[in-house]
Amino acid sequence: MTVETNWAGNHTYRAERLHRPTTLEQVQEIVATAPRIRVLGSRHSFTGIADSAELLSLEAVHAAATPLAGIDVDLEAGTVSLGGGVRYGELAEVLRDAGAALHNLASLPHISVAGAVATATHGSGVVNGNLATAVAAMEIVTSSGEIVRVSRGDADFDGMVVGLGALGAVTRLTLDLEPAFDVEQRVFEGLAWDALHEHFDEITGCGYSVSLFTLLGDDVEMVWVKNRPDRGGAPAGDLFGAVPAAVDRNPVIGLDPTPCTPQLGRPGLWSDRLPHFRMGFTPSAGDEIQSEYLIPHGSAVAALQAVRSLAERIRPLLLACEIRTVAADRLWMSTAYDRASVALHFTWKPAPPAVEDVLVDLERVLSQFAARPHWGKVFQADAAAIAPLYERHADFLSLIERLDPRGAFRNAWLEHHLLTS
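Keep in mind the model is a prediction, meaning the values are calculated, not measured.

Taking strand neighbours across the sheet as the criterion, the five strands line up as β4-β5-β9-β7-β8 in an open arrangement whose pairing is antiparallel. A strand with exactly one partner marks an edge of an open sheet, and here the two such strands are β4 (72-74) and β8 (147-151). When the angles between neighbouring strand axes are averaged without regard to direction, this sheet yields 15°. As paired strands, β4 and strand β5 (residues 79-83) are joined by three bridges and run antiparallel to one another. Note that in β5 the partner of aspartate 72 across the bridge is serine 81.

Attention now goes to the sheet that holds strand β3 (residues 54-57). The sheet built from three strands is open, its strands ordered β1-β3-β2 with parallel pairing. A strand with exactly one partner marks an edge of an open sheet, and here the two such strands are β1 (17-19) and β2 (37-40). The sheet shows a mean angle of 30° between the axes of neighbouring strands, direction not considered. Of the strand pairs in this sheet, β2 and β3 are connected by four bridges, and their pairing is parallel. What sits directly across from arginine 38, in β3, is leucine 55.

What follows is about the side chain of serine 334. In this structure, serine 334 sits in the loop between β17 (318-326) and β18 (341-348). Note on serine 334: relative accessible area 0%, which makes it buried. One polar contact links serine 334 to asparagine 130, side chain to side chain, over a distance of 2.9 Å. Ignoring sequence-local partners within four residues, the contact set of serine 334 consists of Ala120, Asn130, Val162, Asp329, Arg372 and Tyr390.

It is worth spelling out the domain arrangement of the protein at this point. Domain annotation of the protein identifies domain 1 (71-180) and domain 2 (182-373). Here the C-alpha centre of domain 2 lies 24 Å away from the C-alpha centre of domain 1. At the junction of the two partners, domain 1 supplies 33 residues and domain 2 supplies 36 residues. Summing the contributions of domain 1 and of domain 2, the shared interface buries around 2,900 Å²; its carbon and sulfur component is 62%. It is His122, Ser124 and Val126 in domain 1 that bury the most area against domain 2; as a group they hold 20% of the surface buried on that side.

A positive phi angle is found at phenylalanine 240, which is not glycine, with a value near 50°. Within the secondary structure, phenylalanine 240 is located in the loop between β13 (219-227) and β14 (243-244). A relative accessible area of 34% means that phenylalanine 240 is categorised as partly exposed.

Now for a negative patch on the surface. On the surface, Asp194, Glu198, Asp201 and Glu202 cluster together to form a negatively charged patch. Contributing elements (two or more residues each) for the negative patch: α5 (193-198) and α6 (200-204). On the secondary structure map, aspartate 201 appears in helix α6. For aspartate 201, a relative accessible area of 52% translates into the label exposed.

Here we take up the layout of surface pockets. In this structure, the largest pocket occupies an estimated 280 Å³ of space. Phe46, Thr47, Glu356, Val378 and Phe379 are the residues nearest the centre of the largest pocket, which is lined by 17 residues in total. For the lining of the largest pocket, the element with the most residues is helix α12 (residues 412-419), which contributes four residues. If you trace the second largest pocket, you find 15 residues lining it, with Arg96, Pro109, Ser271, Asp272 and Met279 closest to the centre. Here the lining of the second largest pocket is composed, by residue class, of eight nonpolar, three polar and four charged. In this structure, the lining of the second largest pocket is formed jointly by two domains, domain 1 (71-180) and domain 2 (182-373), each of which donates at least three residues.

Cut-offs applied
Residues numbered from 1 in each chain as written. Predicted model: local features only at pLDDT ≥ 70, side-chain atom pairs only at ≥ 80, totals over all residues. Heavy atoms only, no water. Pairing = 2+ DSSP bridges. Helix = DSSP H or I, 4+ residues; strand = E, 2+ residues; numbered from the N terminus. Axes fitted to C-alpha atoms, helices over the stretch in contact; angles between N-to-C directions. Buried < 20%, exposed > 50% of the residue type's maximum accessible area, 1.4 Å probe, protein only. Polar contact = N/O pair within 3.5 Å; in protein donor to acceptor, adjacent residues only side chain to side chain. Contact = heavy atoms within 4.5 Å. Domains from an automatic or database assignment. Buried area = accessible area lost by both parts, 1.4 Å probe. Patch = residues over 30% accessible without salt bridge, like charges linked within 9 Å, V, L, I, M, F, W, Y side chains within 5 Å. Areas by Shrake-Rupley, 256 points an atom, 1.4 Å probe, with all protein chains shown as cover. Salt bridge = Lys/Arg side-chain N within 4 Å of Asp/Glu carboxyl O. Lys, Arg positive; Asp, Glu negative; His and termini not counted. Charge placed at Lys NZ, Arg CZ, Asp CG, Glu CD. 1 Å grid on protein atoms, 1.4 Å probe; cavity = no way out; pocket = protein on both sides within 12 Å on 5 of 7 lines; lining within 4 Å. Points joined across faces, edges and corners; volume = space filled by probe spheres on them. Nonpolar A, V, L, I, M, F, W, Y, C, P; charged D, E, K, R; others polar.

This is the structure we're talking about:
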């Protein structure tokens, strides 16, 4: 075992064996014979969701010939097919050369595509679904060693895409593409809370992708607006009282903006602007813990007011709170299933016991809004609390039983947060 902790260092893997197969046949053999196994991606999850007695890395399968082997662009079909070990930053390089783009990206290009899809990771934008909504087809290896392929429209597809690693090892994904596009990014500073509450939909909808950053103090410190010039102009002048930043900013207030994607309205390719952070730099604060909760879009203002009632508890531990929007989808275990959503994201200082303690109060006030926790980040809710939040929860458990009857992909995290209700 050569990988001991996750990306942030707040989770130590208990696995004693890490498999690094180089062929699909080896993946099948490993998965079929391991008593308990999980796939290890880019290690960006902040919990034990990817932990098990044995771990499987897919990076070597599609890197046996070249670092980017296994990425196949089909411009005629409008899709790209890629292996389970590919990261968004690597994929963007190939798409750049092909003149193609994905509909959206998360704040970090460092994360694996399969891991982001499996946990319903998202970017922002009122018309943009999370990253899993780009999946047109997928291939998994089940615990019997069988290869199962599904496409959009197949009976099990909507249940398999956001699979939480519980159904099998995702060895290949096919994603929708669109022609490459440019993005201009501007930051506005000093947005009053009253202005946000009164104009929430106008502010979150003023760009292709909009993120708000706050420390829950007197105002919202920053509004990041990512605009597509081909779909209309950027906001002119101030933004409901927030003024344009004169220099580049970091989402984590006070940190050096060098790792961040260019701002100040300088146009650039989609892949160089939609993430907040650039590939090749340590993203965010690095030494941190993250939590996130998705609530119905219509409850956003009330939920923000509830969160601000806990500001004195939250602020001593908070590095940044980000507010984003996500379009509704039909993927069973997606945090945006059947409802347009607003995501309240918290980047915490690396103090696990104190963070876990404040999450009890935070989840209590957010429970009145049917808040769905992000699957890859730290939360307290158990399976009994999670199950009522998902209409297809029982169907997903049945899918797990059918595809993994021997429980090879089960682990303690799944048992606590999903399976034991």
